[in-house]
Amino acid sequence: MDLTLHSDYTLNNQERIPVLGCGFFKVPDGHQTIDAVLDALALGYRLIDTASVYGNERSVGEAIKRSGINRDEIYVTTKLWNEDQGYEQAKRALEGSLKKLSMTYVDLYLLHWPVAGKRQESWRAIEDLHDRGFCKSIGVSNYLKPHLVELLMHCRVKPVVNQLEISPFNYLSRLDTIQFCRKNDIHIEAYSPLTKGLKLSDPRLLKIARKYYRSPAQVLLRWSLQEGFTAIPKSSGKEHLLENSKVFDFSLSISDMDLLSAMNENLTTGWNPEDQA
Ligand SMILES: NC(=O)c1ccc[n+]([C@@H]2O[C@H](COP(=O)([O-])OP(=O)(O)OC[C@H]3O[C@@H](n4cnc5c(N)ncnc54)[C@H](OP(=O)(O)O)[C@@H]3O)[C@@H](O)[C@H]2O)c1
C-alpha cells in the first residue's frame, strides 16, 4: 500500500484515523500552539493530538477555526485526565474540553491513564458520552495487556485505540501488549515516537539514517508506519514539522526494520504503565 500524509487506517468501529499526526504536549497555550497547529495543518497534517492536561485545548480549537479547513476533515483527539476520572467527573471533563475546543464533538476521546479503582467507571462514562455523540470514537492510553484484558471483559463499547509510548527503543518490552492489540483489532498510536529526542544520536540509528539519506527522526517515523502504527510526533517548529511529514517516499528493508526493532532498551521517557496495577 502506498501511504501518503492523507492516508488513514480503518478502526474497529469503521471510523478512520490518519496514519501520521502531530502531538502538542508541552506546547504552551496561546500563540505558540496556535502557530504550530496552523503550520501543521498547512503542511497537510490532519490529526491533532491534545489533552486536557496539556492546557492548550483552547488554542488548538482556535487554530482549527482560523485554518478555514472543514471541521470534519481534521481528526481531533483529547484525553480525560487522571484527576477527572470517575463517572460524573468524566462527563463534566469532556464537556469542559469541548467548550475549550469550541467543538461539539471530538473524533477520539482517550482515557489518559489506567487509574486503579477509577478506570472502570470512567470507561462507563466515556461509553455513554460516545452514545450521545460527543466523541466519535473512544480509546485508552498507557494500557498494558492486563489493563486491556480487564477492560475487554467489562466493556460495552470496545476501545478503538491504545495510545502507548513506542519506538524501537522499547518495542520489545511492549511486544505482548502490541500483539494483544493486533489480535483484538485495537489500533496502536505510538506516542513519543522520536524518544523525546533522547535517542536521535544513537550510532546504530545514525548508521541506518545515513544509508537512506534520511534523518534519524524520519527513520523512526518510517519504522512506526511500517509497523502499522499511527505516529504522533511532537514538533513546535515548522522545519521539524516539514521534515517529519516526508516519510512516505522511501521504505526500510525488512532487515533494517529488524535491526531497529532489536534496539530495545526498555526506554520509558515519561510514565511507566508497568507501575500501574
Ligand atoms: N498519552 C500519553 O500519555 C502521552 C504521553 C506523551 C506524549 N503523548 C503525545 O505524543 C506526542 C509526541 O510525544 P512527545 O512530545 O513525548 O515526544 P516525541 O514526539 O518523541 O519528541 C518530541 C521532541 O522531538 C523534537 N523533534 C521533533 N521533530 C524532530 C526532528 N525532525 N528532528 C529532531 N528533533 C525533532 C521536538 O522538538 P521541537 O518541538 O523543537 O521540534 C521535541 O523536543 C505528544 O506531543 C503528545 O501529543 C501522549
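Residues numbered from 1 in each chain as written. Predicted model: local features only at pLDDT ≥ 70, side-chain atom pairs only at ≥ 80, totals over all residues. Heavy atoms only, no water.

Q: Looking at this model, I keep getting lost on helix H8 (residues 216–227). Mind explaining?
A: Because an α-helix packs 3.6 residues into every turn, residues spaced three or four apart end up facing the same way. The end-to-end C-alpha distance of H8, which contains 12 residues, comes to 17 Å, matching closely the 16 Å that a straight helix rising 1.5 Å per residue would cover. By the criterion of burial, H8 is predominantly enclosed, with 11 of the 12 residues buried. Listed in full, the buried residues belonging to H8 are Pro216, Ala217, Gln218, Val219, Leu220, Leu221, Arg222, Trp223, Ser224, Leu225 and Glu227. Positioned one or two residues after H8, Gly228 has a phi angle of 90°, which is positive. (Helix = DSSP H or I, 4+ residues; strand = E, 2+ residues; numbered from the N terminus. Expected span 1.5 Å × (residues − 1). Buried < 20%, exposed > 50% of the residue type's maximum accessible area, 1.4 Å probe, protein only.)

Q: Would you mind showing me how to read the site of the ligand here?
A: Of all residues adjacent to the ligand, which total 27 residues, the nearest are Asp49, Ser141, Ser192, Ser235 and His240. In this structure, an oxygen atom belonging to the ligand sits 2.9 Å away from a side-chain N or O atom of Asn142. The separation between an oxygen atom of the ligand and a polar main-chain atom of Leu194 is 2.8 Å. Coverage of the ligand by the protein chains reaches 86% of its 910 Å² of free accessible surface. Here the element with the most residues in the shell around the ligand is helix H9 (residues 238–245); it accounts for three residues. The class makeup of the residues in the shell around the ligand is 11 nonpolar, 11 polar and five charged. (Near = heavy atom within 4 Å. Polar contact = N/O pair within 3.5 Å; in protein donor to acceptor, adjacent residues only side chain to side chain. Areas by Shrake-Rupley, 256 points an atom, 1.4 Å probe, with all protein chains shown as cover. Nonpolar A, V, L, I, M, F, W, Y, C, P; charged D, E, K, R; others polar.)

Q: Looking at this structure, I do not really get the packing of aromatic side chains. What am I missing?
A: In this description, a pair of aromatic rings is defined by centroid distance and the angle of the planes. Following the criterion strictly, the structure yields six aromatic pairs and no others. Residues Phe25 and Tyr54 carry aromatic rings whose centres are separated by 5.1 Å and whose planes lie at 50° to one another, so their mutual orientation is tilted. Of the two residues, Phe25 is situated in the loop between strand E3 (22–23) and helix H1 (31–43) and Tyr54 in the loop between strand E4 (47–49) and helix H2 (57–67); the sequence distance between them amounts to 29 residues. The exposure class assigned to Tyr54 is buried, which follows from its relative accessible area of 16%. Each ring, one from Tyr212 and one from Phe250, has its centre 6.1 Å from the other, and the planes form 50°; the classification is tilted. Here Phe250 lies in the loop between H9 and helix H10 (254–261) and Tyr212 lies in helix H7 (residues 203–212), a separation of 38 residues in the sequence. What makes Phe250 buried here is its relative accessible area of 10%. The structure contains a cluster of three or more aromatic residues connected by ring pairs, namely Trp81, Trp113 and Trp271. Directly above the ring of Tyr105 sits Arg71, whose terminal nitrogen or CZ lies 4.3 Å from the centroid. Over the ring of Phe250 we find Arg222; its NZ or CZ atom is 5.9 Å from the centre of that ring. (Phe/Tyr/Trp six-rings, centres within 6.5 Å; stacked < 30°, edge-to-face > 60°. Lys NZ or Arg CZ within 6 Å of the ring centre and 35° of its normal.)

Q: Could you clarify how one ought to interpret the nonpolar core in this entry?
A: It is characteristic of soluble globular proteins that their nonpolar side chains tend to be buried jointly. Ile166 and Leu252 are the most contacted members of the largest nonpolar core, which totals 86 residues. Not counting chain neighbours up to four residues away, the residues in contact with Leu252 comprise Ile208, Tyr212, Val219, Arg222, Trp223, Gln226, Met257 and Leu260. (Core = buried A, V, L, I, M, F, W, Y, C linked by side-chain atoms within 4.5 Å. Contact = heavy atoms within 4.5 Å.)

Q: Which parts of the structure should I look at to understand the packing of H1 against H2?
A: Each pair of packed helices can be described by the angle between their axes along with the distance between the axes. H2 packs onto H1 with a crossing angle of 45° between their chain directions and a minimal axis gap of 8 Å. For the element pair H1 / H2, the angle class is oblique. In terms of crossing hand, the pair formed by H1 and H2 is right-handed. Contact residues: H1 offers Thr33, Ile34, Val37, Leu38 and Leu41, while H2 offers Ser59, Val60, Glu62, Ala63, Ile64, Arg66 and Ser67. In terms of residue class, the contact of H1 with H2 is built from seven nonpolar, three polar and two charged. (Axes fitted to C-alpha atoms, helices over the stretch in contact; angles between N-to-C directions. Parallel < 35°, antiparallel > 145°, perpendicular 65-115°, else oblique. Left-handed = near helix turned anticlockwise from the far one by under 90°.)

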